[in-house]
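Coordinate analysis (summary)
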Amino acid sequence: FKSTGLQGQFNLNGIHQTGDVILGGLFSVNVFSTVPDLSFTSEPQESVCYGFHPSGFRQAQTMAFAIDEINRNPNLLSNVTLGYSLYDNCNELAKGFRAAMSLISGQAGEMISEKTCVGLPVLGIVGDSFSTSSIAISTVVGLYRVPLVKLFANKINSFHHFLGQFPVRAMIQILKHFGWTWAGLLISNDDYGVHAARAFLSDLGPIAGGCLAYIEVLPLGNNRAELNRIVNVIRKSTASVVIVFAVKGHTLNLMAEVVRQNLTGLQWMASEAWTSVAELQTSDFMPYLGGTLGIAIPRGEISGLRNFLLKIRPVPKQNNTSGYNMVNQFWEHIFKCRFAPPPEGWLETGGQLCTGQEVIETVLEEEFFDVSDLRPEYNVYKAVYALAHALDDMLQCEPGRGPFSGDTCAQLQGLEPWQLMFYLEKVNFTTSFSDQVSFDENGDALPIYDIMWVDEELMIDENKIFWNFVFKQPPRSVCSESCPPGTRMAHKKGEPECCFDCVPCSEGNTPIVRANNSELSYLLLMSLKLCFLCSLLFIGRPQPLTCQLRHAAFGISFVLCVSCILVKTMVVLAVFKASKPGAEASLKWFGAVQQRGTVLVLTCFQAVICTVWLVLASPAPHKNTQYYSDKIVYECAIGSTVGFGILLGYISLLAVLSFVLAFLARNLPDSFNEAKLITFSMLIFCAVWVAFVPAYISSPGKYADAVEVFAILASSFGLLVALFGPKCYIILLKPERNTKKAIMENKTLSN
């Protein structure tokens, strides 16, 4: 090629400012576009944008204001001037692509030299707020390793960041808070809705234990037949909560149909895209949408923004090379006039021409100048400052101590976007509104949302929420109520996990389980767990605290364990005695409360023994020189042999008592071998601790600790295996023996 000159430029609506470093911005200043002429002409025709959107323009102006504010700040990016190129994406994917490519290629409007093809590419982009285009654009931008700070979204890739957070997670937390496990989901027919549906499906169950009753996709236009079908689905569903994760246009059409069909009695939940839509906060919608819980982007204050907006002036025609300009569109919008040449028929119908000299103070009541509730604008403001702080951190790099190859630093001349990305991932600062901005390892910003009902902002305080129901209470929204005692859940085939029937438990769910005294068994398993854990206190260098705790924890844990076994044995004897005529009254002394009380009293007695021992003669670290002449053994002295002896003696007393009672009850009928298992387990327990005493006395220093740890683990394993092993074997491997008849036959044969 002989020439490097540009063959053409995209017809883009943008505003620009030169600088040492250029930041880009993509905003939905217009929300509609004409269909381009696809006929075979010499040059493809582009679509024309229309439908001026004041909010999108205010976001663009907020970025311009933030850059102007940074340039005037001597403490941030001193000696560096930021510039910008801000484009209108027309809420259209193709326009968004063209604008993004212009930014990353250095062909951004006035930033380019047409003779040399040398432009000044942007180092970062403040992102597109339209989810469908943002996901596609971020993929392309990522190929150039340009950081994209996203305004609203919940997913990222390697080279773009999202400053908007996780509305789906926030909604799920609200569902969890109110116990709403059964909800319907309506989504818009775009990536915004599709990604929300995926997130709900993957996270609702694990986080809140909930299920979706239905998922419906709202039609693109005002399709009455489809909207009627969706409203009928909502009406027939048992879900009282309906989540609408859709953009403004879809939601307005849906709610119009809801009003038309007079569908009331529902708890609506709104995504941030329509929480604050003014058209829905009217008297017509209030009987249906009153009390709607919504997620809103956090509100912030931007000092000085209003004065900046009041200084906006139209661009002279000769400088408007693209044929139209978003600033001029804004001027036409607020003054209801048109710059020359006006559209055909404008003057004939009484329209006025814009002169550019209109007095902006005459339109101060316009919503555009109301900066009291800045939400997406505040995100734009934080996004610009995030890029600026990252650039500032990069310029503070000391030569020879940099993060890049060879410990080098990035230089302003020849700076690559991926180098800025390195610092952006680590940025951490606080705004003037005291909001902290930082990114996690995935490039996601701290998830903060405001929760709103109708138009009042609040935290989750149920007393402040207006419940649009007869009883002024939050509704119940579950597929199936919890099953009462004596029944179990039976999941319905083809239904979500939250939907089930409550069916009576099988006669007998089994004999071994029923005879096992579940409450004492749970307590016994917990005490065995504590027995295993207390052995950890014997490991490591002796410390005052571990020396005091090791024997106390051991003594209390084992008394709790043996007490449970003793009470289980007593219950077996009581049940047999109560089976005799006229002896039923004896069971009242062995109810659940009495069982728990007996275990508590027996354990508290051991706790008293340990307390007295620790107070009068507490164990402590001790340097022993008596074992070896050439070594000092650092050990835990028990403090009082009498105290240790009483502790062991009390455990032994309970163990022997349990063994004797279990031995006497070993052949009782209908005991399902419980007494036999207790007898065998206590035999193992006693054997271990009888062998422990001489071994402990004859073992010096660390060997004494090893002997005690071995005794703890051996006796704990012995109890666990002896008490629960045979039952698990029958339940898991021999279910045919898990019947009362089979066990009684075995009992008869053994007798």
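Residues numbered from 1 in each chain as written. Predicted model: local features only at pLDDT ≥ 70, side-chain atom pairs only at ≥ 80, totals over all residues. Heavy atoms only, no water.

**Remarks on the pattern of salt bridges**
- Considering all chains together, one arrives at 13 salt bridges under this definition.
- Close ionic contact of Glu-226 with Arg-229 constitutes a salt bridge, the shortest N to O distance being 2.8 Å. Separated by 3 residues within a single helix, Glu-226 and Arg-229 lie in helix 6 (residues 224–236), roughly one turn from each other.
- We classify Arg-229 as partly exposed; its relative accessible area is 35%.
- A cluster of three or more residues bridged by salt bridges with shared partners is formed by Glu-216, Glu-226 and Arg-229. (Salt bridge = Lys/Arg side-chain N within 4 Å of Asp/Glu carboxyl O. Helix = DSSP H or I, 4+ residues; strand = E, 2+ residues; numbered from the N terminus. Buried < 20%, exposed > 50% of the residue type's maximum accessible area, 1.4 Å probe, protein only.)

**Describing the packing of helix 11 (residues 376–395) against helix 12 (residues 417–424)**
- Running from amino to carboxyl end, helix 11 crosses helix 12 at an angle of 100 degrees, the nearest separation of the two axes being 8 Å. Considered as vectors, helix 11 and helix 12 are oriented roughly perpendicular to each other. Counted together, Ala-386, Leu-387, Ala-390, Leu-391, Asp-393 and Met-394 of helix 11 and Leu-420, Tyr-423 and Leu-424 of helix 12 form the full contact between these two elements.
- Of the residues belonging to the contact of helix 11 with helix 12, the class tally is 8 nonpolar, no polar and 1 charged. (Axes fitted to C-alpha atoms, helices over the stretch in contact; angles between N-to-C directions. Parallel < 35°, antiparallel > 145°, perpendicular 65-115°, else oblique. Contact = heavy atoms within 4.5 Å. Nonpolar A, V, L, I, M, F, W, Y, C, P; charged D, E, K, R; others polar.)

**Side note on helix 18 (residues 674–697)**
- When the terminal C-alpha atoms of helix 18 are compared, their 35 Å separation across 24 residues agrees well with the 34 Å that a helix rising 1.5 Å per residue should span.
- Turning to helix 18, its buried residues are Glu-674, Ala-675, Leu-677, Ile-678, Thr-679, Ser-681, Met-682, Phe-685, Val-688, Trp-689, Phe-692 and Tyr-696. (Expected span 1.5 Å × (residues − 1).)

**Looking at the state of the cysteines**
- According to the stated counting rule, one finds 6 disulfides in the structure shown.
- Disulfide partner of Cys-211: Cys-498, at an S-S distance of 2.2 Å. Measuring handedness by torsion sign, the sulfur bridge of Cys-211 and Cys-498 sits at about 85 degrees and is right-handed. In this pair, Cys-211 sits in strand 12 (residues 211–217) while Cys-498 sits in the loop between strand 22 (487–491) and strand 23 (500–504), placing the two residues 287 residues apart along the sequence.
- Residue class for Cys-211 comes out buried when judged on its relative accessible area of 10%.
- Two residues, Cys-479 and Cys-499, share a disulfide whose sulfurs are 1.9 Å apart. Handedness of the Cys-479-Cys-499 disulfide follows from its S-S torsion of about 110 degrees: it is right-handed. One end of the pair, Cys-479, is in the loop between strand 21 (456–458) and strand 22; the other, Cys-499, is in the loop between strand 22 and strand 23, with 20 residues separating them in the sequence.
- In this structure Cys-531 is a free cysteine whose sulfur lies 5.0 Å from that of Cys-561, the closest cysteine sulfur available. (Disulfide = S-S within 2.5 Å.)

**Things to note about the confidence of the model for the protein chain**
- When the pLDDT values of the protein chain are averaged, the result is 79; 79% of them are 70 or greater.
- In the model, residues 153–165 has pLDDT below 50 throughout and makes 60 contacts with residues more than four positions away in sequence or in other chains. (pLDDT = per-residue confidence, 0-100.)

**Observations concerning unusual backbone geometry**
- The step from Ala-340 to Pro-341 runs through a cis peptide bond, and the omega angle for that step is -5 degrees.
- Unusually for a residue other than glycine, Leu-77 sits at a positive phi of about 55 degrees.
- Position of Leu-77 among the secondary structure elements: in the loop between helix 1 (54–71) and strand 5 (82–88).
- A residue is classified by how much of its surface remains accessible, and Leu-77, at 4% relative accessible area, is buried.
- Of note in the backbone geometry, Asn-262 takes a positive phi value of approximately 55 degrees without being a glycine.
- Within the fold, Asn-262 resides in the loop between helix 7 (248–260) and strand 14 (267–270).

**Quick word on the packing of aromatic side chains**
- One pass over the structure, following the stated rule, counts 30 aromatic pairs.
- With a centroid separation of 5.7 Å and an interplanar angle of 50 degrees, the aromatic rings of Phe-52 and Phe-57 are classed as tilted. Side by side, Phe-52 and Phe-57 carry an identical accessibility label, which is buried.
- Relative to Phe-369, the ring of Phe-330 has its centre 6.4 Å away and its plane inclined at 70 degrees; by these criteria the two rings are edge-to-face. Here Phe-369 lies in the loop between strand 17 (352–353) and helix 11 and Phe-330 lies in helix 10 (residues 326–335), a separation of 39 residues in the sequence.
- On the basis of relative accessibility, which here comes to 0%, the residue Phe-330 falls in the buried class.
- Here a set of aromatic residues connected by ring pairs shows up, and it is made of Phe-554, Phe-558, Trp-613, Phe-644, Phe-685, Trp-689, Phe-692 and Tyr-696.
- In this structure, Lys-426 packs its charged tip against the face of Phe-422, placed 5.0 Å from the ring centre. (Phe/Tyr/Trp six-rings, centres within 6.5 Å; stacked < 30°, edge-to-face > 60°. Lys NZ or Arg CZ within 6 Å of the ring centre and 35° of its normal.)

**Some details on the nonpolar core**
- Counting residues in each nonpolar core, the largest one holds 64 residues, and the members touching the most others are Phe-57, Met-63, Leu-82 and Phe-330.
- A per-element tally of this core places helix 11 first, with 12 residues.
- Filtering out sequence-adjacent residues up to four positions away, Met-63 remains in contact with Leu-23, Gly-24, Gly-25, Phe-27, Leu-86, Val-126, Val-380 and Val-384.
- Counting 48 residues, the second-largest nonpolar core is a separate cluster that includes Ala-552, Leu-647, Met-682 and Phe-685. (Core = buried A, V, L, I, M, F, W, Y, C linked by side-chain atoms within 4.5 Å.)

**A few points about a nonpolar patch on the surface**
- On the surface, Val-513, Tyr-729, Ile-731, Leu-732 and Leu-733 cluster together into a nonpolar patch covering about 500 Å² of accessible area.
- If one sorts the elements of the nonpolar patch by residue count, helix 19 (residues 702–733) sits on top with 4 residues.
- Tracing the sequence through the fold places Val-513 in helix 13 (residues 511–514).
- By relative accessible area, Val-513 is classed as partly exposed at 43%. (Patch = residues over 30% accessible without salt bridge, like charges linked within 9 Å, V, L, I, M, F, W, Y side chains within 5 Å. Areas by Shrake-Rupley, 256 points an atom, 1.4 Å probe, with all protein chains shown as cover.)

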